[in-house]
Amino acid sequence: MAGYYVYILASRSRTLYVGVTNNIERRLAEHREGGVGFTGRYRIARLVHLEATNDVRAAIRREKEIKGWRRAKKIALITEKNPAWDDLSAR
């Protein structure tokens, strides 16, 4: 089990949120309870992309890298491994 996770959440209308955490289950619960600003406001709760690492610096670098991408590149990243945009936390 990895120690850090870079993740992308999506709403039904495919509004995206990129984040990093050391506890993916807790962080998803926080997003879904609506207590987190942007994700609560736009109802962004479906986990559509997840990367794991044991290096906190690598996780933060990767999060910043993805956040700097244009929307089309983020969509391509998601679609490459999750073409149906299924909720990966349901697996």
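This write-up is about the structure you can find in this document. (Residues numbered from 1 in each chain as written. Predicted model: local features only at pLDDT ≥ 70, side-chain atom pairs only at ≥ 80, totals over all residues. Heavy atoms only, no water.)

### Quick look at unusual backbone geometry
What counts is decided by this rule: A helix here means a DSSP run of H or I that spans at least four residues, while a strand means a run of E at least two residues long, and both kinds are numbered starting from the N terminus. Each residue is assigned to one of three classes by its accessible area relative to the maximum for its type, calculated with a 1.4 Å probe on protein chains only: buried under 20%, partly exposed between the two thresholds, exposed over 50%.
Even without a glycine there, the phi angle at Arg-14 is positive, about 70°. Within the secondary structure, Arg-14 is located in the loop between strand S1 (4-10) and strand S2 (16-21). Classification of Arg-14 as partly exposed rests on a relative accessible area of 36%.

### Brief notes about the environment of Ala-2
How we decide: Should any heavy atoms of two residues lie within 4.5 Å, those residues are considered in contact.
One can find Ala-2 in the segment before S1. A sequence separation of 20 residues divides Ala-2 from Asn-22, and the C-alpha atoms of the two residues are 8.5 Å apart. Contacts of Ala-2, omitting those with residues within four sequence positions, involve Ala-52, Thr-53 and Asn-54.

### Examining the side chain of Glu-63
Here Glu-63 shows up in helix H3 (residues 56-67). Assessed through its relative accessible area of 12%, Glu-63 is described here as buried. Setting aside its immediate chain neighbours within four residues, Glu-63 contacts Val-6, Val-18, Gly-19 and Val-20.

### Comments concerning H3
As a reminder of what qualifies: Multiply 1.5 Å by the residue count of a helix minus one, and that product is the helix's expected span. Polar contact is defined as a pair of N or O atoms within 3.5 Å, subject to the rule that within protein one atom must be able to donate a hydrogen and the other to accept it, and that residues adjacent in sequence are counted only when both atoms are side-chain atoms.
Spanning 12 residues, H3 covers 17 Å between terminal C-alpha atoms, matching the ideal 16 Å at 1.5 Å per step. Turning to H3, the residues buried within the fold contact S1, S2, strand S3 (46-53) and helix H4 (71-81). The N-cap residue of H3 is Asp-55: its side-chain oxygen and the backbone nitrogen of Arg-57 are 3.0 Å apart.

### Here we look at the sheet that holds S2
Selection rule: Following DSSP output, two strands are said to pair if at least two bridges run between them. In this analysis, axes come from line fits to C-alpha atoms, helices being fitted only over the stretch in contact, and the angle between any two N-to-C directions falls in the range 0 to 180 degrees.
The strand order across the open sheet built from 3 strands is S2-S1-S3, with neighbouring strands paired in antiparallel fashion. Looking at which strands have only one partner, the edges of the open sheet turn out to be S2 and S3. Ignoring which end each strand starts from, the neighbouring axes of this sheet average 15° apart. Across 7 bridges, S1 lies against S3 in antiparallel orientation. Bridge pairing links Leu-9 to Leu-47 in S3.

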